[in-house]
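# A closer look at the structure
Take a look at the letters that make up each chain.
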Amino acid sequence: MKLALSKWFPVASISDLPYRHIFQGQLLGREYAIWKADDGNINIWENRCLHRGVRLSIGTNEGFELKCQYHGWRYANRTAGCTYIPAHPADAPARTICNNTYTCQEKYGMVWTCETPIGDVPDIKGFKSFTVLRPIPINSAYKNVRNFLSSKEIPDHHMLRSKQTEFWRFKTNAGNLLSLVIQPQSGNISILRGIYNLKTTGTEKLRVLKYYNSLMTKLRDEIESQHLPKLHERNPKISKLADDLSQFPTLSDQKHNLRVSVSEKVKLSDNIVKLKLKSIKKQLPTFHAGAHIDIVLQNGLIRQYSLTNGPGETDHYCIAVKIEKHGGGGSKIISENISVGDIMAISAPHNSFPLLRNSTHIIFLAGGIGITPMLSMAKAMHSMRQSFELHHFTKSNDKEAFSHDFASFTNKVITYNDLSINQSLTTIKSLLKKPKFSNKIYVCGPGEMIQNAIKIGLEFGWNESDIHYEYFKNENEIHKNSTFKIDLARSAMSLEVPSGKSVLQILKENGVNLVSSCEQGACGTCKVRVIEGKIDHQDVFLNSLEKEGQNIMLTCVSRAKSKRLILDI
Amino acid sequence: MLKLYDYELSGNCYKVRLMMAFLKLSYDRELIEFYPSKKHKSLEFLEINPLGQLPVLMDNDFIIRDAQAILIYLAQKYDSQNNWYPSEKPSLVAEISEWLFFANDLTATSSAARLHDGFFYTNIHVEKCRKKAHDQFRIFDEHLYFNEQQGFPWICKSQYPTIADIACFPYIILSEEGGISRINYPAVRRWCDRFKRIPNFIVMSGIFPAGPQKVPDNEAKQSKILNGN
Amino acid sequence: MHAEICEDTVILNQWHPISSTDDLKNHKQITTMLLEEKITCKKNSNGKYFVWKSIDIKKKLLPIKIAYGYLWTSLGTPPTDLFSFPEFYEIDRRNVATGVFGVNISAGRTIENFLDMGHFPFVHTGVLGEEPHTEVKEYDVSICETNDEILATKCQFYQPQAAVISSKGAEVDYIYRIPHINCAILYKSSPVDKKRQDAIIIFVQPVSQEIVRAHTGMCIIDDKSADKDIRLFQQTIFGQDKPILENQFPKKLPLDSRAETPIRADKSSIAYRRWLSQKGLTYGVIPSEDNNLFEVM
Ligand code: FES
Ligand SMILES: [Fe+2]
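Calculation rules
Residues numbered from 1 in each chain as written. Chains lettered and ligands numbered in written order. Predicted model: local features only at pLDDT ≥ 70, side-chain atom pairs only at ≥ 80, totals over all residues. Heavy atoms only, no water. Helix = DSSP H or I, 4+ residues; strand = E, 2+ residues; numbered from the N terminus. Rg over C-alpha atoms; globule rule 2.2 N^0.38 Å. Buried < 20%, exposed > 50% of the residue type's maximum accessible area, 1.4 Å probe, protein only. Contact = heavy atoms within 4.5 Å. Areas by Shrake-Rupley, 256 points an atom, 1.4 Å probe, with all protein chains shown as cover. Lys, Arg positive; Asp, Glu negative; His and termini not counted. Charge placed at Lys NZ, Arg CZ, Asp CG, Glu CD. Domains from an automatic or database assignment. Buried area = accessible area lost by both parts, 1.4 Å probe. Salt bridge = Lys/Arg side-chain N within 4 Å of Asp/Glu carboxyl O. Nonpolar A, V, L, I, M, F, W, Y, C, P; charged D, E, K, R; others polar. Donors = N, O, S within 2.8 Å, 3.2 Å for Na, K, Ca; no water. Tetrahedral: all angles 85-135°; square planar, octahedral: opposite > 155°, others 65-115°. Core = buried A, V, L, I, M, F, W, Y, C linked by side-chain atoms within 4.5 Å. Pairing = 2+ DSSP bridges. Phe/Tyr/Trp six-rings, centres within 6.5 Å; stacked < 30°, edge-to-face > 60°. Lys NZ or Arg CZ within 6 Å of the ring centre and 35° of its normal. Polar contact = N/O pair within 3.5 Å; in protein donor to acceptor, adjacent residues only side chain to side chain. Axes fitted to C-alpha atoms, helices over the stretch in contact; angles between N-to-C directions. Left-handed = near helix turned anticlockwise from the far one by under 90°. 1 Å grid on protein atoms, 1.4 Å probe; cavity = no way out; pocket = protein on both sides within 12 Å on 5 of 7 lines; lining within 4 Å. Points joined across faces, edges and corners; volume = space filled by probe spheres on them.

## Remarks on the overall build of chain C
Summing up its helical and strand segments, chain C has six helices and 15 strands in all. In terms of C-alpha radius of gyration, chain C reaches 19 Å, essentially the compact-globule figure of 19 Å for 297 residues. Once the C-alpha set of chain C is aligned to its principal axes, its extents read approximately 60 × 50 × 40 Å. Every one of the 297 residues in chain C was classed for burial, and the buried ones make up 59%. Counting contacts in chain C only where the partners sit at least 6 residues apart, residues at least 24 apart contribute 60% of the total. With an accessible surface of roughly 12600 Å², chain C has 52% of that area assigned to carbon and sulfur atoms. Counting 35 positive and 39 negative side-chain charges, chain C places the centres of these two groups 7 Å from one another.

Next comes the structure, spelled out in structure tokens:
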């Protein structure tokens with residue numbers, strides 16, 4: 001059935017996809033998990049979890065994500081990208097862990113798909129309005145059903161000849177139309193689907209449905225009573241995964257290669273602007289809660305902004321930008337020069353501030369615009385029905401800015417307006433008083449606030465590894481005046497880093513394409529493993545335990561204390 | 001005090017556990033090892049139920065055998081809302097009885113196939129059981145589809161689930177363990193999802209809970225705001 | 001569907017469990033399926049066992065072995081010794097056969113599920129695991145050259161109710177052993193005696209490439225729980241794994257490293273797949289097309 005691959009077939013009725021249901025469908029032997037997300041988007045995926053092959057249809061529809069029943073992997077609406085692997089809560093899943101998805105079109109009250117589509121689902125003449133009939137599965141091969149239909153007289157119906165061989169059309173005695181189409185489910189099962197060319201409601205609808213149900217059931221019984229020999233079932237091939245997925249790669253993304261258009265620009269408060277970015281052509285990549293993107297601004301400036309999206313919101317990215325009246329150019333350009341419809345270049349999301357969902361409770365502390373990554377995290381926690389609290393320290397004129405984002409969990413949010421430094425400190429102290437098993441602290445905001453929160457947390461006995469933070473920027477002074485050698489263990493290269501240049505720069509100059517983002521030691525995107533050598537850390541990303549560990553460094557700012565570093569790249 | 005002679009992997013016992021969970025009744029469990037030691041055929045147990053079948057419910061001194069009978073008893077006695085078995089509505093009671101027999105028939109088809117595949121009941125003609133189960137599922141799917149069309153989410157013409165739903169659920173949802181796929185019964189699958197979302201639903205080994213309902217938006221729409229000076 | 005004849009010598013030459021000796025106590029004669037072959041097993045009045053292929057009118061006897069509470073046989077030429085399992089003979093332990101279950105899946109998938117900790121919170125919710133405590137910490141996997149078996153050590157997982165008699169949550173230590181291509185043993189800290197470990201076994205009898213009989217048992221120090229409770233607990237656990245196993249596709253275990261997506265938590269399963277691949281097993285698995293993809297660890 002080679003040809004069949006480029007034909008559109010229905011695989012479900014729209015009414016098969018009620019709220020938070022996963023429909024198990026099958027076409028040409030391939031099984032699908034078909035589900036409607038809370039935003040109305042219909043997903044058609046291969047019914048097989050990439051991890052260990054379990055049917056996704058026995059998992060759960062979480063609204064914007066599908067959750068596998070075996071190990072709880074979560075896959076995002078639209079992209080089918082894996083957003084969370086519970087066995088490794090600290091790791092962002094590789095972006096290439098992505099389920100096989102299939103095209104989907106809704107037409108005539110049915111969901112249609114096609115493996116290699118040419119054009120759209122064809123029109124069926126005379127069906128501007130319609131009633132979808134109850135589909136009837138038949139234990140017989142596609143071609144038997146076809147042969148049967150083309151030879152069979154259906155009482156009170158006259159077959160209309162047409163070129164569209166896959167749709168049978170019949171005229172009733174009363175002058176209405178019936179169209180039948182066969183879905184080849186697997187070698188020996190077909191589904192007879194039909195539509196009637198009047199939109200009916202109430203008792204009339206019930207009458208039509210019952211009438212055609214019994215008519216089509218009779219056809220089924222006749223076909224099945226022919227007892228035609230069974231075909232040999234063939235399973236569709238499962239495509240192999242990309243090589244890199246079988247061995248945990250370090251990803252090297254192309255930088256800034258996504259093009260988006262600004263679809264919304266809203267003032268959230270006097271100082272905060274929200275941008276909604278829509279992809280121009282391709283599907284936007286999957287992001288993880290806490291991820292940020294680089295945005296290339298018109299004058300070549302590159303700035304990082306956290307995504308504020310909730311899980312599975314994959315048809316756009318949202319960012320919130322604080323307009324610094326006197327600050328650097330980035331925010332000014334966004335506030336003044338960017339308007340709806342503009343095209344911008346952005347990077348794929350980087351995730352270096354991962355959300356550890358294996359916590360029984362998370363305390364989020366946000367200072368000012370530092371709330372942005374936490375919006376995305378809080379939404380993810382909320383949708384997984386996990387426990388958290390969000391404390392937002394802000395200025396009173398910004399206090400309403402994010403109320404829309406909080407809407408579904410307002411009772412977990414406390415906003416503090418215009419607190420003095422001392423008041424903030426006392427508040428943070430009262431919040432962090434009691435460290436508990438498996439609880440975590442997340443802080444994001446001005447440098448001083450983060451340092452204070454860490455200090456207070458440690459004083460009250462929190463483990464350093466349970467305090468997570470993200471700086472906007474690295475306020476430390478960074479020196480570049482040392483000279484040392486780097487050896488690349490996996491690429492067998494040896495390079496010299498002169499004073500005045502960073503490790504990252506040298507790597508790039510030599511064709512080693514490492515992903516980077518902020519390039520000032522704050523975002524963690526450019527981190528690499530160090531196998532040997534003493535690191536001169538200058539970033540604000542790693543915590544002190546990680547720094548002491550001496551086996552991870554941020555290549556954009558950190559250097560060597562020893563003569564040589566061996567990097568695991 | 002209620003006491004249930006129970007076995008975790010039995011669908012018939014599960015019916016009773018479901019009913020008790022929905023009615024929030026507490027009870028003692030006396031575990032009878034159906035497999036592998038066949039304790040339900042032991043002399044001690046035959047004293048309690050000469051038919052040698054599980055479940056058996058004891059309400060103080062009153063002994064009731066047969067899952068369907070127990071459902072009727074519990075619903076009549078403990079459902080103050082009278083929704084699970086609305087005895088004052090003759091047509092509903094009739095409908096319920098009809099489906100209780102259907103549920104009982106599943107024991108000879110879907111349940112038997114499961115015993116064959118999972119527990120080595122070799123004297124069962126499994127292909128016949130499967131074929132019959134498919135015939136039953138076809139009828140059930142059609143019935144549920146037309147109920148949906150008429151605005152009834154459950155087996156009987158009621159806005160509330162009844163004991164008929166409880167009685168049918170276990171051996172429908174466990175059918176795959178007997179090699180009976182439900183891929184061609186979409187209305188049955190939708191009904192299973194709805195059933196799993198009945199408040200206080202519990203699972204048994206082999207059954208997973210449904211996905212979440214919509215995350216409830218907070219009643220308290222006001223977030224807390226503290227002002228500095 | 002008619003039975004294919006098994007021609008894979010790797011599997012033919014293994015010892016296979018066909019029944020617990022407990023089960024045989026109550027029967028004079030049983031029949032079962034092994035590698036698509038019907039097998040008859042008879043016990044004479046002296047308690048001696050005889051096993052032969054049911055279709056064989058001459059009743060040529062197959063080799064047998066009684067070990068670890070089970071009767072084992074082979075359709076080929078099996079090694080003299082079965083793997084060692086010394087705990088079974090420790091006098092203060094109780095050996096409880098917790099039941100044999102039919103599952104429509106390959107032996108490899110069954111063993112892999114047994115080795116897997118990551119599924120505890122999702123499949124054995126509230127018993128062997130619980131969200132959000134889902135992390136699988138780094139553990140060690142090695143292949144023991146002398147015994148040719150896989151060992152996974154330093155495994156740890158959070159459990160809300162670690163065994164019949166434990167009632168509150170704890171991090172539990174595990175060791176997994178795969179001493180035979182279709183058998184695995186799990187050791188976990190005994191709730192009675194912290195210094196010793198309970199052993200849980202799974203011996204899989206391949207009925208066909210995609211159907212197994214999974215024999216389960218425990219060898220424990222706990223002297224409080226009744227045999228029945230131990231069996232019921234183990235049955236509940238196995239009943240939870242069954243629908244997962246039967247919904248895995250393909251049913252045979254794919255040995256190609258690119259067939260599925262492993263994560264660090266799956267180290268033991270990666271080692272297991274490689275080990276099977278190196279043995280040249282073809283029965284119940286999808287062999288890797290390109291063996292070069294399997295580098296040695
Ligand atoms: S098989 Fe789906 S998460 Fe492991
Ligand atoms: Fe398990």
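## Some points on the overall build of chain A
Each helix and strand in chain A was counted, giving nine helices and 34 strands. With the principal axes as the frame, chain A shows a C-alpha extent of 90 × 55 × 50 Å. Relative to its full complement of 569 residues, chain A shows a buried share of 58%. Here the analysis covers contacts within chain A between residues at least 6 apart in sequence; of these, 64% occur between residues at least 24 apart.

## A look at the domain arrangement of chain C
All names here are of chain C. Domain assignment breaks chain C into domain 1 (1-82) and domain 2 (90-248). Here the C-alpha centre of domain 2 lies 25 Å away from the C-alpha centre of domain 1. Of the roughly 1300 Å² buried between domain 1 and domain 2, counting both surfaces, carbon and sulfur atoms make up 59%. Taken together, domain 1 and domain 2 are joined by zero salt bridges. Where the side of domain 1 that touches domain 2 is concerned, the elements lending two or more residues are β1 (16-20), α2 (21-25), β2 (29-34) and β6 (70-73). When residues of the side of domain 1 that touches domain 2 are assigned to their parent elements, the largest contribution, five residues, is made by β1. Grouping the constituent residues of the side of domain 1 that touches domain 2 by class yields 10 nonpolar, five polar and four charged.

## Focus: the coordination of the iron ion (ligand 2)
Ideal values for angles at a metal depend on the geometry: 109.5 degrees with four tetrahedral donors, 90 or 180 degrees with six octahedral donors. All names here are of chain C. Coordination sphere of the iron ion (ligand 2), protein contribution only: His119 (NE2), His124 (NE2), Asp241 (OD) and Asp241 (OD), at 2.1 to 2.3 Å. Metal-centred angles of 57 to 148° between the four donor atoms at the iron ion (ligand 2) mark the site as irregular. Coordination of the iron ion (ligand 2) draws on donor residues from a single chain, spaced H-x4-H-x116-D in sequence. Take His124: its relative accessible area is 1%, and that puts it in the buried class.

## Description of the nonpolar core
Counting 203 residues, the largest nonpolar core has Leu74(B), Phe140(B), Phe169(B) and Trp191(B) as the members making the most contacts within it. When residues no more than four places from it in sequence are discounted, the contact partners of Trp191(B) are Phe140(B), Leu144(B), Pro153(B), Trp154(B), Ile155(B), Asp165(B), Cys168(B), Phe169(B) and Ile172(B). Core analysis: the second largest hydrophobic core is formed by 26 residues, Phe353(A), Met377(A), Ala378(A) and Phe388(A) among them.

## A closer look at the pairing of strand β21 (residues 317-322) of chain A
All names here are of chain A. Burial runs high along β21: five of the six residues are buried. Pairing of strand β18 (residues 272-279) with β21, which is carried by six bridges, proceeds in the antiparallel orientation. If you follow Leu275 over to β21, its bridge partner there is Ile319.

## Notes on the packing of aromatic side chains
This model, assessed by the stated rule, comprises 54 aromatic pairs over all chains. Consider the rings of Phe364(A) and Tyr442(A), whose centres lie 5.7 Å apart with planes at 50°: the pair is tilted. Linking Phe364(A) in strand β23 (residues 361-367) with Tyr442(A) in strand β26 (residues 439-445), this pair joins segments that are 78 residues apart in sequence. Looking at Phe364(A), the relative accessible area reads 0%, which means it is buried. The exposure class assigned to Tyr442(A) is buried, which follows from its relative accessible area of 0%. Ring centres of Tyr272(C) and Trp275(C) lie 6.5 Å apart, and the angle between their planes is 35°; this geometry places the pair in the tilted category. Of this pair, Tyr272(C) and Trp275(C) are both found in helix α6 (residues 267-279), three residues apart, which corresponds to roughly one turn of the helix. Over the ring of Tyr84(A) we find Arg357(A), and its NZ or CZ is 4.3 Å from the ring centre. The cationic tip of Lys38(B) hangs over the ring face of Tyr121(B); the distance from NZ or CZ to the ring centre is 5.6 Å.

## Points about the interface of chain A and chain C
The interface of chain A with chain C comprises 40 residues on the first partner and 38 residues on the second. Our count for the contact surface shared by chain A and chain C stands at five salt bridges. Across the pair Arg52(A) and Asp266(C) runs a salt bridge, and its minimum N-O distance is 3.9 Å. Taken together, the links from chain A to chain C amount to 19 residue pairs in polar contact (both at pLDDT 80 or more). Looking at the side of chain A that touches chain C, its residues break down into 18 nonpolar, 14 polar and eight charged.

## Description of the side chain of Asn309(A)
Residues and elements named next belong to chain A. Take Asn309: it is sitting in the loop between β20 (302-306) and β21. Side-chain polar atoms of Asn309 contact the backbone oxygen of His316, separated by 2.8 Å. Ignoring any residue separated from it by four or fewer positions in sequence, one finds Asn309 in contact with Phe287, His316, Tyr317, Cys318, Ser376 and Lys379.

## Some thoughts on the pattern of salt bridges
By the definition in use, this model includes 59 salt bridges over all chains. For the salt bridge of Lys276(A) with Glu264(A), the shortest nitrogen-to-oxygen distance reads 3.7 Å. Taken as a pair, Lys276(A) in strand β18 and Glu264(A) in strand β17 (residues 258-267) lie far apart in primary sequence, 12 residues in all. On the basis of relative accessible area, Lys276(A) is assigned to the buried category, the value being 18%. We note a salt bridge from Arg564(A) to Asp487(A), for which the minimum N-O separation is 2.6 Å. With a gap of 77 residues between them, Arg564(A) in strand β34 (residues 564-567) and Asp487(A) in strand β28 (residues 484-488) connect regions that are remote in the sequence. For Arg564(A), a relative accessible area of 34% corresponds to the partly exposed category. By relative accessible area, which is 13% here, Asp487(A) ends up buried. One continuous salt-bridge network, built from bridges that share partners, spans Arg48(A), Arg52(A), Arg109(C), Glu112(C), Glu260(C), Asp266(C) and Arg273(C).

## A few points about the packing of helix α7 (residues 163-173) of chain B against helix α8 (residues 186-196) of chain B
Residues and elements named next belong to chain B. Their axes nearest at 11 Å, the elements α7 and α8 cross at an angle of 115°. With respect to the hand of their crossing, α7 and α8 are arranged in left-handed fashion. Residues Asp165, Ile166, Cys168, Phe169, Ile172 and Ile173 of α7 form the contact with α8, whose own contacting residues are Val188, Trp191, Cys192, Phe195 and Lys196. Within the contact of α7 with α8, the residues separate by chemical class into nine nonpolar, no polar and two charged.

## Some words on empty space enclosed by the protein
Residues and elements named next belong to chain C. Under the criterion given, the structure shown has nine cavities of 30 Å³ or more. Roughly 280 Å³ of internal volume is contained in the largest cavity. Lining the largest cavity are 22 residues, with Phe114, Leu128, Gln234, Ile237 and Asp241 positioned closest to its centre. Among the secondary structure elements, those contributing two or more residues to the lining of the largest cavity are α3 (107-115), β10 (170-180), β11 (183-189), β12 (197-206) and α5 (227-246). Class assignment for the residues of the lining of the largest cavity results in 13 nonpolar, seven polar and two charged.

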